[in-house]
Amino acid sequence: MGDRLAIVGGDAAGMSAATNAHRRDAGLEVVAFERGEFTSYSACGIPYYVGGLVGDVDDLVARSPERHRANGIDVRTGTAVVGIDLDRRELALAGGRAEPFDRLVIATGACAVAPPVPGAEATDPARTLDAAARLRRQVEGGGEDAVVVGAGYIGLEMAEALVMRGLHVALVERADEVFPALDADMGARVREAAEGIGIEVHTSTSLEEVLVGDAGQPRGVRTTAGELPARHVILAMGVQPDVELAAAAGLRTGPTGALAVDDRQRCAGADGVWAAGDCVESRHRLLDRPVNVQLGTHANKQGRIAGHNAAGGDLAFPGVIGTAISRLCRREVALTGLTEAQAAEAGFDAYAETIETSARAGYFPGNGPVWVKLVAERGSGRVLGAQIVGAETAAKRIDTLAMAVWTGMAVDELQWVDLGYAPPVSGVLDPVLVAARVAAKRL
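What you are looking at is a predicted structure, and each value in this text was computed from that prediction instead of being measured.

Q: I keep staring at the overall build of the protein and nothing clicks. Help me out?
A: Across its full length, the protein holds 12 helices and 24 strands. For 443 residues, the compact-globule formula gives about 22 Å, and the C-alpha radius of gyration of the protein, at 23 Å, lands near that figure. Per-residue burial over the protein gives 53% buried out of 443 residues. Look at the contacts in the protein between residues 6 or more apart in sequence, and 63% of them connect residues 24 or more apart.

Laid out in structure tokens, this is it:
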């Protein structure tokens, strides 16, 4: 194998690959191409920056280009790769230059899905730090009304951020309930939280047009439920794997539309090419089929594996179960494994139990409610999934439940696990144990 590794994409997966390749083989020339200004930044922190909880955009940068260069990685920011020639082993750069490579890691991430409605081009999806800075300046520049279209993670986080800025916010979601990643009964708890901080929620409502003023800026939206005025319009209707460059080079995509890779992050049918992060498929450990899950945790792990293996190593990515956590409208939300609806769709003979209890000891100041929903397999009692919605300290319990799903633990075993107890963080029986005990009774 040759001794020049090129990496396309300079965020989580790309720079994790670069760092781990250089760490394994210090003699390997590692060059990373990033079309933006920043490397290794937290896109997940953008709503908190827009809302003012994070003061400076640079605070979201984990490792700057200068730091990567000091560590021996040749980082080229402001450099867009516009073509990949696998036969000639060359990257085509914007401006006409070509860069050779011997080995390649693709980490192009995901891109926003532009809705096919008039006026959508007047909005600017805040997926990069540059775009986030523009949005924050716009919000600070005035306007009392905002509309957020899409009530998933980003939509809800952005809606909360704008409420924190003192704006009146309308949230538009075409599904029957907010946060469609949850079962509808748990999503209803999130809706209550959103409405509780003043967000005007419109579910079962689709966007038809972004209304644009004479100066070209949004002035509202037209939906199936009518018009909503707004100086600020944020489209958070989902993202898709950014595979256009790789697909044009002949690399194979899978059923999800993301790049098909094996458990070593090797691209299918391409020697010496790896891929990682939001642009690739991962194997779901319960469904045993490829999924495209776009989370920084997976991007960093897959980048580590891709870089290590590109430098001659042999690590394998063990798959995903869909664990995620967030704070949405001052309520903590988390999920892992399969929802009740997903389990039924996948053909599992499953049942679900939901309990309501307290996040802390009942008498402790700051205590609040927590709802835990367990999905288990009939007969074996195996934990297939879980969802949590609740007050502060509630959601991190999803890690315990993720471990139960990951290892195939049954609810009758889970109810006896030795979990910690202290009044500031839990009642004498942790909500996980309470949920497992109720679910075990169904067996």
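Continuing now.
Q: What is the right way to read the pairing of strand 4 (residues 81-85) from this model?
A: Regular strands show a simple pattern: their side chains alternate between the two faces of the sheet. Summarising the sheet, strand 4 and strand 5 (residues 90-93) pair through 4 bridges and their orientation is antiparallel. Bridge pairing links Gly83 to Ala92 in strand 5.

Q: Even after reading the chapter, I still don't get the packing of aromatic side chains, so can you show me in this structure?
A: For any pair of aromatic rings, geometry is given as the distance between the ring centres together with the angle between the planes. Here the structure, examined in full by the defined rule, presents 1 aromatic pair. Ring centres of Tyr153 and Phe179 lie 4.7 Å apart, and the angle between their planes is 85°; this geometry places the pair in the edge-to-face category. Of this pair, Tyr153 sits in helix 5 (residues 153-164) while Phe179 is found in the loop between strand 10 (168-172) and helix 6 (184-196), placing the two residues 26 residues apart along the sequence.

Q: What am I meant to see in the side chain of Gln387 here?
A: Tracing the chain through its elements places Gln387 in strand 24 (residues 383-390). At 2.9 Å, the side chain of Gln387 and the side chain of Asp183 are in polar contact. The residues touching Gln387, leaving out its near neighbours within four places in the chain, are Leu182, Asp183, Met186, Ala334, Leu335, Thr339, Glu340, Trp371, Val372 and Lys373.

Q: Please clarify how the pattern of salt bridges should be interpreted in this entry.
A: Here the idea is simple: oppositely charged side chains can pair when their charged atoms come close. In total, this model carries 29 salt bridges according to the counting rule given. Close ionic contact of Glu140 with Arg165 constitutes a salt bridge, the shortest N to O distance being 3.3 Å. Remark: Arg165 occurs in the loop between helix 5 and strand 10 and Glu140 occurs in helix 4 (residues 129-140); sequence separation between them is 25 residues. Owing to a relative accessible area of 28%, Arg165 belongs among the partly exposed residues under this scheme. Here the salt bridges do not stand alone but share partners, grouping Arg4, Glu29, Asp74, Arg76, Arg97 and Glu99 into one network.

Q: Looking at this structure, how should I read the sheet that holds strand 17 (residues 273-275)?
A: To summarise the sheet geometry, strands pair through backbone hydrogen bonds and adopt either a parallel or an antiparallel arrangement. Sheet architecture is open: 5 strands sit in the order 3-2-1-7-17, paired in parallel fashion. Both outer strands of the open sheet, strand 3 (74-77) and strand 17, are each paired with one neighbouring strand and no more. Taking the axes of each pair of neighbouring strands and ignoring which way they run, one obtains an average angle of 15° across the sheet. Summarising the sheet, strand 1 (residues 4-8) and strand 7 (residues 103-106) pair through 4 bridges and their orientation is parallel. Bridging from a neighbouring strand, Leu5 pairs with Arg103 of strand 7.

Q: Please explain the pairing of strand 12 (residues 207-212) as it appears in this structure.
A: As judged from the 5 bridges shared by strand 12 and strand 13 (residues 218-223), these two strands associate in the antiparallel manner. From the neighbouring strand, Val210 faces strand 13, where its bridge partner is Val221.

Q: Can you help me understand the nonpolar core in this one?
A: Most often, soluble globular proteins have nonpolar side chains that are buried together. Leu156, Leu162 and Ile199 are the most contacted members of the largest nonpolar core, which totals 44 residues. Within the residue set of this core, elements represented by two or more residues are helix 2 (46-50), helix 4, strand 9 (145-149), helix 5, strand 10, helix 6, strand 20 (324-328) and strand 21 (331-337). Non-local contacts of Leu162, meaning those with residues more than four positions away in its chain, are made with Val50, Val139, Ala146, Val148, Leu167, Val169 and Ile234. Counting residues in hydrophobic clusters, the runner-up holds 36 residues, among them Ile321, Ala395, Ala402 and Val434.

Q: Just checking my understanding: could you explain a nonpolar patch on the surface for this structure?
A: The grouping of Tyr363, Tyr421, Val428 and Leu429 at the surface amounts to a nonpolar patch, some 470 Å² of accessible area in total. Inspection of the secondary structure assignment puts Tyr421 in the loop between helix 11 (411-414) and helix 12 (431-441). A relative accessible area of 43% places Tyr421 in the partly exposed class.

Q: Would you take a moment to explain the side chain of His284 for this structure?
A: Secondary-structure assignment places His284 in the loop between strand 18 (282-283) and strand 19 (290-291). For His284, a relative accessible area of 6% gives the class buried. For His284, the side chain forms a polar contact with the main-chain nitrogen of Leu286, separated by 3.2 Å.

Q: Is there a simple way to think about the environment of Glu160 in this case?
A: Relative to the helices and strands, Glu160 resides in helix 5. Measuring from C-alpha to C-alpha, the distance between Glu160 and Cys329 comes to 5.4 Å, with 169 residues separating the pair along the chain.

Q: I keep staring at the sheet that holds strand 14 (residues 226-229) and nothing clicks. Help me out?
A: Taking strand neighbours across the sheet as the criterion, the 3 strands line up as 12-13-14 in an open arrangement whose pairing is antiparallel. Two strands bound the open sheet, and with one partner strand each, they are strand 12 and strand 14. The sheet shows a mean angle of 20° between the axes of neighbouring strands, taken without regard to direction.

Q: Explain the state of the cysteines to me, please; I cannot follow it from the model alone.
A: Note on terminology: a disulfide is the covalent bond linking the sulfur atoms of two cysteines. In total, this model carries 0 disulfides according to the counting rule given. In this structure Cys44 is a free cysteine whose sulfur lies 16 Å from that of Cys279, the closest cysteine sulfur available. As a non-bridged cysteine, Cys111 has Cys279 as the owner of its nearest cysteine sulfur, 11 Å distant. Taking relative accessible area as the criterion, Cys111 reaches 24% and is therefore assigned partly exposed.

Q: Please explain helix 10 (residues 398-407) as it appears in this structure.
A: Given 3.6 residues per helical turn, the α-helix brings residues three or four places apart onto the same face. Buried within helix 10 are the following residues: Ile398, Leu401, Ala402, Ala404 and Val405. One side of helix 10 holds all its buried residues, which, seen down the axis, span an arc of 160°. Along helix 10, exposed side chains directed more than 90 degrees from the buried face belong to Met403 and Thr407. Gly408 occupies a position one or two residues after helix 10 and carries a positive phi of about 75°.

Calculation notes
- Residues numbered from 1 in each chain as written.
- Predicted model: local features only at pLDDT ≥ 70, side-chain atom pairs only at ≥ 80, totals over all residues.
- Heavy atoms only, no water.
- Helix = DSSP H or I, 4+ residues; strand = E, 2+ residues; numbered from the N terminus.
- Rg over C-alpha atoms; globule rule 2.2 N^0.38 Å.
- Buried < 20%, exposed > 50% of the residue type's maximum accessible area, 1.4 Å probe, protein only.
- Contact = heavy atoms within 4.5 Å.
- Pairing = 2+ DSSP bridges.
- Phe/Tyr/Trp six-rings, centres within 6.5 Å; stacked < 30°, edge-to-face > 60°.
- Polar contact = N/O pair within 3.5 Å; in protein donor to acceptor, adjacent residues only side chain to side chain.
- Salt bridge = Lys/Arg side-chain N within 4 Å of Asp/Glu carboxyl O.
- Axes fitted to C-alpha atoms, helices over the stretch in contact; angles between N-to-C directions.
- Core = buried A, V, L, I, M, F, W, Y, C linked by side-chain atoms within 4.5 Å.
- Patch = residues over 30% accessible without salt bridge, like charges linked within 9 Å, V, L, I, M, F, W, Y side chains within 5 Å.
- Areas by Shrake-Rupley, 256 points an atom, 1.4 Å probe, with all protein chains shown as cover.
- Disulfide = S-S within 2.5 Å.
- Arc of directions from axis to C-beta.

So yeah, pure geometry; function would need other evidence.
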